[in-house]
Amino acid sequence: MIPTPNLSHLTSADYDSVYEPAEDTYLLLDALEQDAEHLRELHATVCLEVGSGSGCVSSFLGSILGSTALYLCTDINPHACICSFRTGLQNKTFLDVVNTTFAGPFHHRLKNAIDVILFNPPYVPTDREEALNAQSKRYVEGSWAGGKDGMDITDRFLDVVKELLSPRGLFYLVALKQNDIPNIQRRMQDKFGLSSQTVLHRRAGSEHLFILRFQRTS
Ligand SMILES: C[S@@+](CC[C@H](N)C(=O)[O-])C[C@H]1O[C@@H](n2cnc3c(N)ncnc32)[C@H](O)[C@@H]1O
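Residues numbered from 1 in each chain as written. Predicted model: local features only at pLDDT ≥ 70, side-chain atom pairs only at ≥ 80, totals over all residues. Heavy atoms only, no water.

**Considering the pattern of salt bridges**
Line of reasoning, step 1. Counting across every chain of the model gives eleven salt bridges.
Line of reasoning, step 2. A salt bridge links glutamate 37 to arginine 40; the shortest N-O distance between them is 2.8 Å. Taken together, the residues span about one helical turn, with glutamate 37 and arginine 40 both in helix 3 (residues 36-41) at a distance of three residues.
Line of reasoning, step 3. Among the residues examined, arginine 40 registers a relative accessible area of 34% and is labelled partly exposed.
Line of reasoning, step 4. Close ionic contact of aspartate 149 with lysine 148 constitutes a salt bridge, the shortest N to O distance being 3.4 Å.
Line of reasoning, step 5. Owing to a relative accessible area of 42%, aspartate 149 belongs among the partly exposed residues under this scheme. (Salt bridge = Lys/Arg side-chain N within 4 Å of Asp/Glu carboxyl O. Helix = DSSP H or I, 4+ residues; strand = E, 2+ residues; numbered from the N terminus. Buried < 20%, exposed > 50% of the residue type's maximum accessible area, 1.4 Å probe, protein only.)

Shown next as C-alpha cells:
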C-alpha cells in the first residue's frame, strides 16, 4: 500500500479556492498504484501534472517514483499552485509548479520530453460560456466547468499531448462516461496514433468515472 499523501496542512479556507481531492482524485491514485511497477520500469526523468490542484496526485506519484524524477505541475489557479507546492513539501516530493495554461509557451518547450503525464481535467458538462468564464477567472470553478459534453478544456489538451509525450511516455486522463470515452479513444488513435486502455472505472454517486491510459502505438 502506498500511503495517501498527507494533506493536513490544507484547511477549509484553502478548499474555498482550490479543488479538494475527491473520488476522481482517489481513483487516479488507485490507477497509479495499480500501475506502480510499470511506472517504475519507465525510469521516468520528467513527469507533468496538468491542473495539479492540491498537489495530492503528483505527491503520490513522487512516492512511487522517488526523488530522481523532476515533477512539473501546472495550474491556471494561482492558489492551487501554492497548495501544490506546499503539499509536495509536506510529503517530501519537490514539485516544480508553474501558474499557466497548457496553451502557454511553457508546454511548447517540453516536446517529446515527458515520461508521465497526468490530467484530471474540468470534465463536468456545462454551458460553453460557463467554462470560458471559469477559465478566465482562474479560481475554483475552473476545476469542474468543462463546457460542451464536458470536453471543451480536455480537447484543447488532447490536441497537444502527443507532442509532449516522450517515446516511452504514458498519459493518464480522468474522464466521465458523458465525455464519450469510445470517441476520445478512437480520435486519439486515428489523429495521433495514441492507443489507450481503461485502467480503472468506478461509480461515485451520479458520476461514472474512468481512468484512461494512453501511449504511442509501437
Ligand atoms: C478536477 S481538478 C483536479 C485537481 C487535482 N489534480 C486532483 O486530481 O485533485 C482540475 C484542476 O485543473 C485546473 N485547470 C483547469 N483548467 C486548466 C487549464 N487550462 N490549464 C491548467 N490547469 C487547469 C483547475 O484549476 C483544477 O485545479
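**A short note on the layout of surface pockets**
Line of reasoning, step 1. The calculated volume of the largest pocket comes to roughly 470 Å³.
Line of reasoning, step 2. What lines the largest pocket is a set of 37 residues, and nearest its centre among them are Gly51, Asp75, Asn120, Gly142 and Ser143.
Line of reasoning, step 3. Sorting the residues of the lining of the largest pocket by element identifies helix 2 (23-34), strand 1 (46-50), helix 4 (56-65) and strand 2 (70-75) as the ones contributing at least two each.
Line of reasoning, step 4. Each residue belonging to the lining of the largest pocket can be placed in one class, and the counts come to 18 nonpolar, 15 polar and four charged. (1 Å grid on protein atoms, 1.4 Å probe; cavity = no way out; pocket = protein on both sides within 12 Å on 5 of 7 lines; lining within 4 Å. Points joined across faces, edges and corners; volume = space filled by probe spheres on them. Nonpolar A, V, L, I, M, F, W, Y, C, P; charged D, E, K, R; others polar.)

Distances and angles like these do not, on their own, reveal function.
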